Each structure stands twice: as C-alpha cells, then as structure tokens.
Amino acid sequence: MLTFAAKRLFLGVLIVVAAVSLLYGMIHMVPGDPVKIMLGPRATPEMKEVLFEKLGLNDPLPVQIVNFLGDVARGELGYDVFTGRPVGTIVAEQAPHTIILVLASIGWAAAIGIPLGCYASVRRNTLFDRISGVLTVSCIAIPPFVVALYALLLFAVWLQWLPAIGAGERGDLGSQISHLILPSLAVGLGWVGYIARLVRASMLEVLGENHVRTARAVGLPEPTIIFKYVLRIAVLPTITLLGIGIGILLSSAVFAEIVFARPGIGKLIYDAVTTRNYPVVMGSVLVTTMLFVLCTTLADLINALLDPRQRSGQ
Amino acid sequence: MSATAERVSIWPTGAWSAAVKGLRRVVREPLGLVGLILVALVTVSAIGADWFAPYDATEINVRNRMLWPSLEHLLGTDQLGRDLFSRVLYGGRIALEVALISIGLAVVIGLALGMLAGFGPRWLDAVLIFAFDTVRSFPTIMFALAVVTLVGPSLETIMLIVVVTQIPVYARVVRTQTLALKGSEFIMAARVMGVGTLRIMTVHLLPNVIGPLLILASMDIPFVVTIEAGLSFLGMGVRPPTPSWGSILNDGYSFISNTPWPVLAGGIPLILTTLGFTFLGETLRDTFDPKLRRIIE
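Since this is a predicted model, take the numbers as computed values, not measurements.

(A) Inspection of the packing of aromatic side chains at higher detail. One pass over the full model with this rule turns up 7 aromatic pairs over all chains. A centroid spacing of 5.3 Å and a plane angle of 25° characterise the contact between A:Phe145 and B:Phe233, whose relative ring orientation is stacked. Note that A:Phe145 is positioned in helix α7 (residues 144-158) and B:Phe233 in helix α10 (residues 197-233), a pairing that runs across two chains. Relative accessible area serves as the criterion here: at 1%, A:Phe145 is assigned to the buried category. Note on A:Phe155 and A:Trp161: the rings are 6.1 Å apart at their centroids and 35° apart in plane angle, and the pair reads as tilted. Accessibility expressed as a relative area gives 61% for A:Trp161, which makes it exposed. Aromatic rings pair up to connect A:Phe145, A:Phe255, B:Phe233 and B:Tyr253 into one cluster.

In structure tokens:
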C-alpha cells in the first residue's frame, strides 16, 4: 500500500508540474506578447522593458518555467495587473465562497440522491425504479447553467421568493443561507442524478453478496439488512465519485457564481478573463487544477485502501 | 440457387438488416424512442434552418424589440428585435456543427494515439499516458477559460478546446482495447503470416475498437453542446451577431427582468437536445455494448 501511495503521489506531483509548465508555456506560444496586453495600448517601450525585466521574460523559456515552478512552490502566484495585490491572497479570499457553495450543493444532493438510489435498488424494475431512472439521467443531462438561469427566472424574477444576486450580508446567517439556495440548487441538481445512479448500482452489487444472503438466512429484518449491511458499503464509491467529480463541480460553480453574481473562484476567473488579467487567470486556474489533481489522487488512494485489487496497477 | 444469390449480396444486405434490427431494438425502448425523436427533430431543424426560419437570424428591428410570442414571431423577439425562432434554428446548427466536427476530429486523433500507445513500445505508451493525464488534470471549463484568454474567443477556439480535452478520453479507451486484443490469436496469426504493423492496426484492430468508441463519442455530444452553449453564454464562444443557444441565453440573462422569452427560447432547445442525445446514447450503449457501462461509470 505504501509503495502504491508513494507512486501515486509522485505521479500527482509530476502531473501538476507538467500542467503548470504547459500553462506557462501556452502564454508564450500565443502570437502577440502578454506584456503589451497587460500594459494596454498606451504603454511606452520603457514601461515594457521594466515589466519584462520584472517578470523575468528575458530569460530563455525553460529557465522561466523553472523559476515559475519555484515561485508556485513558495506560494507566490504573481500580482494582479490592476491592483498590484498578490494573486495568492485574492484567491484565498474568494475560495471560501466557492467551497461553501460546493459543500452545500453536495450536501443536499447526497441527502436526496442516496435515499433515492437506495429505494430504487430495493424496488428494482418497478415503476418507481424506472421513473427515478429517467429522472436521474435527466438531472445529469440538463446543463447546470440552464438550471441556474431558470431558477433565477422562476424564484427570483417571477415569484420573488429568493434573492438574485450576491452572497448575502456579512455576519447575517439567514441572508447568507437565502443567497445560497438558488446557486446550490443549480450546482447540486446534476449530482442528485450522479449519486442516485451510483448508489443504486452499487446497492444492487452488494445485495447479491454472500453476507447479505447469510443475514437474510439468519432472519434479520429487511430494514436492518439494508441500512446496516448494504447501504453502508454501497455509499463508499460515492466518496470516490466526489474526488473525480470535483472538476465538474468547480465548472458548474463557475456558472452559478456568474449567473447569481456571487463572489468566488469562478467569478474571479471570469472577471479576470474578461479584463485579460493574466496573472489572476493563471493563478486561479493553477489553484483549481492543483485542487483537482489532489482530489483525484486522494480518491485513488481511498479506493486502493478500500479495495486492494486496485493497487496492482491496472 | 437461392443460396448463391444470398452469398453474393451478403455484405450489403447483412449490414442493412443489422442496422434495421438495431434501430428496432433501440425504438422498442421508450427512452430510446424519445431520444431518437428529439435527436431527429434537432437535426432536421438544424439542417433545414434556411427553409424553416421565417426571418434573417441577425436582422435587427428595434421597433419590434422584446415582443411576446405571436403568429408573426413564434417565440417572440429579443432586445434588438431579432426573431427568436429563427435564431434558435440557426443556433442549433452551430451547436451540432461544433459537436460533430470537434468530436469527429478527437475520435480520429484519439484512435490513432490510442492504438499507438497500445501497440507501440513501452516508453511511448508511458509518455502518451502521462500526456493524457496532464491534459485531463485541468477542469474542462478552467482550461477553456485559460485558452480563451490567450487565443481570444471564436468558434474555432471552442472546437480546439473540445478536441484537446476529448482526445485523452478516447485514446485511453482505444489503448485499453488494443492492449486486450494485442495478444489475441487472430492478431498473432496475422503477425506470423508477415502482415505489417500498420496493416494489422488498420485492417485487423480498427474494426474491433471502433464500435465502443463510436458509442462513447455519441454519448459525448450533449457534453460538447453544453460546452459550446456555456462558453457562448459567458461571451467566450461564438461571436455576435452569430446566433448560438448560449448567446441567446446571454442576451436573455441581461434582460431577464424585462422579458422571459429569450431565456426560455434559448434554454429549452438546449435541454431537449442534451436529453435527446443522452437518452439515445444510453439506449445504444445498453443495447449494443452493456460492458461499456462499466468503463464509463
């Protein structure tokens, strides 16, 4: 297990290094130079020269990449072009909003998805199972930003039950929660589908196992079997799913944050892209990529811990 | 007599009847039937946009701005007085165009790289796998935003992003299949008979890996349609005034408190398309290749 963990972690680090280099290299493959775009059309050659020197752009590309990797390792992600604030600080300020949104979405999705999948597997091939099957596929297929728009239209514009923009007043928990409902609805809906499907499939697998047959033979009541011996095992793959799915989660969070004008990493990246604020884009894409790689690596490790067969490689 | 006649025409009739049989199996599933109808509807309206659209999709008529649906404008008009029904039809064309071209390219390149990784020397396999993992380590939308910042928004940028992010998905599946088939008897036999590697890959391997790959690719259509619409919604995809479901949604979002129609007109076809392709894709997979379910999930 330790060898596997070490190998997997090493691969994770290697992937992050490659991803960072790729991202950095991409800036330089683009026609037109980033400094000109950063400074705007009125920049003088002297200003360009100073910024070039400051950013170390006169060095050969491999040297620049190594320097950049060193900066990233020290937590220095560059500075905002407009305000001059360190990108690391900006990302750290915005991250909690996104994390709260993601957690709330996953929370309600699991609260509905797990019972739904569980019940569908127990009532396998009944009308309920078929309907819930169609519903879960639909939840997955509908684009989250369309859900966000329709939620905005229905609950904020027409019914005016819930607020449409922002993250709520600071320190006012009620207002913060009411601002969280619609975005988390949009981000979480697809996850109801993912989770219900996965729980149903793994429930069916566990229900066919020997220990369940034994429990039935002993005469344990069905609810005890389901909740104590089947569901407990069947929810485990959901954890792995979350690890792999963090990319999808972050992507839907980007859209939800933009539609509901809610602060967070997604809004940060979007605003930075529209103003061509390179360091902020690169910094925040980097942070989310590292988070993504970390989560997939952790998911792999948890998987290997639970299922020794996964450790052998393929 | 009849036996010879049958043998002569075995290839075309065989393929044709197999296709008809397959279609019948798909249609027998309620979900498959609904999917097929939706996909047909979207495809026909996209191809026939020139004939069905009552107005020019980019024609501005400010006097008719933000009209509600009527017989003249079936879905109403947007903030510039453009006919939403016409825009929706042409938007569907863009969506399908992006999906088919970029998935097609990704399938071809993924197929080649996947077979190369499975069939080639071990070091090449390791390098390719590492490259795939690196590309997949970016969350798709984040990668897309980074690329758009650098290259600028356009239809081609979206296609580039889709091709780059989808190649690893297909290549991995092809590689796994290739590895599984590499040691099988018919490949060995071909090798012993002195068939060249390129010929083995194209003639013997390709027909065996392409089926599951095509099903996988068809299941990615809704994903790609969503990416195109999503990026265009963010103003980072199709450039105005070209209609796209995403840009219609973006216009609608800006004027959401004035009129609900652009948001409804842009979103509902998008939902129907993703649902249709998903239903059809899942039915195809379950009827033709139930084993695939494990690979995907």
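(B) Structural detail: the side chain of B:Thr283. With respect to the helices, strands and loops of the structure, B:Thr283 is situated in helix α12 (residues 261-288). Here B:Thr283 is in contact with B:Val26, B:Glu29, B:Leu31 and B:Gly32, once residues within four sequence places are set aside.

(C) Local environment of unusual backbone geometry. All names here are of chain A. Unusually for a residue other than glycine, Asn-125 sits at a positive phi of about 65°. Tracing the backbone shows Asn-125 in the loop between α5 (87-122) and α6 (127-141). Judged by relative accessible area, which is 63%, Asn-125 ranks as exposed. Positioned with a positive phi, Ala-261 is a non-glycine residue whose angle comes to about 45°. Following the sequence through the fold, Ala-261 ends up in the loop between α11 (236-259) and α12 (265-274).

(D) Local environment of the confidence of the model for chain B. All names here are of chain B. Chain-level pLDDT for chain B is 83 on average; 92% of the residues reach the 70-or-more range. Averaged pLDDT values for the elements of chain B fall to 44 in helix α1 (residues 2-8) and rise to 91 in helix α5 (residues 84-119). For this predicted complex, the interface confidence reaches an ipTM of 0.81, while the overall pTM sits at 0.83.

(E) Examining α12(B) more closely. Taking 1.5 Å per residue, 28 residues should reach 40 Å; α12(B) reaches 40 Å between its end C-alpha atoms and fits that length. By the criterion of burial, α12(B) is predominantly enclosed, with 22 of the 28 residues buried.

(F) Summary view of a nonpolar patch on the surface. Residue and element names in this part refer to chain A. Residues Met-1, Ile-233, Leu-236, Ile-239, Ile-302, Leu-305 and Leu-306 make up a contiguous nonpolar surface patch of about 570 Å² in total accessible area. For the nonpolar patch, the secondary structure elements donating two or more residues are α11 and α13 (278-306). In terms of residues, the nonpolar patch owes the most to one element, α13, which gives 3 residues. Structurally, the position occupied by Leu-236 is in helix α11.

About the thresholds
- Residues numbered from 1 in each chain as written.
- Chains lettered and ligands numbered in written order.
- Predicted model: local features only at pLDDT ≥ 70, side-chain atom pairs only at ≥ 80, totals over all residues.
- Heavy atoms only, no water.
- Phe/Tyr/Trp six-rings, centres within 6.5 Å; stacked < 30°, edge-to-face > 60°.
- Helix = DSSP H or I, 4+ residues; strand = E, 2+ residues; numbered from the N terminus.
- Buried < 20%, exposed > 50% of the residue type's maximum accessible area, 1.4 Å probe, protein only.
- Contact = heavy atoms within 4.5 Å.
- pLDDT = per-residue confidence, 0-100.
- Expected span 1.5 Å × (residues − 1).
- Patch = residues over 30% accessible without salt bridge, like charges linked within 9 Å, V, L, I, M, F, W, Y side chains within 5 Å.
- Areas by Shrake-Rupley, 256 points an atom, 1.4 Å probe, with all protein chains shown as cover.
- Salt bridge = Lys/Arg side-chain N within 4 Å of Asp/Glu carboxyl O.

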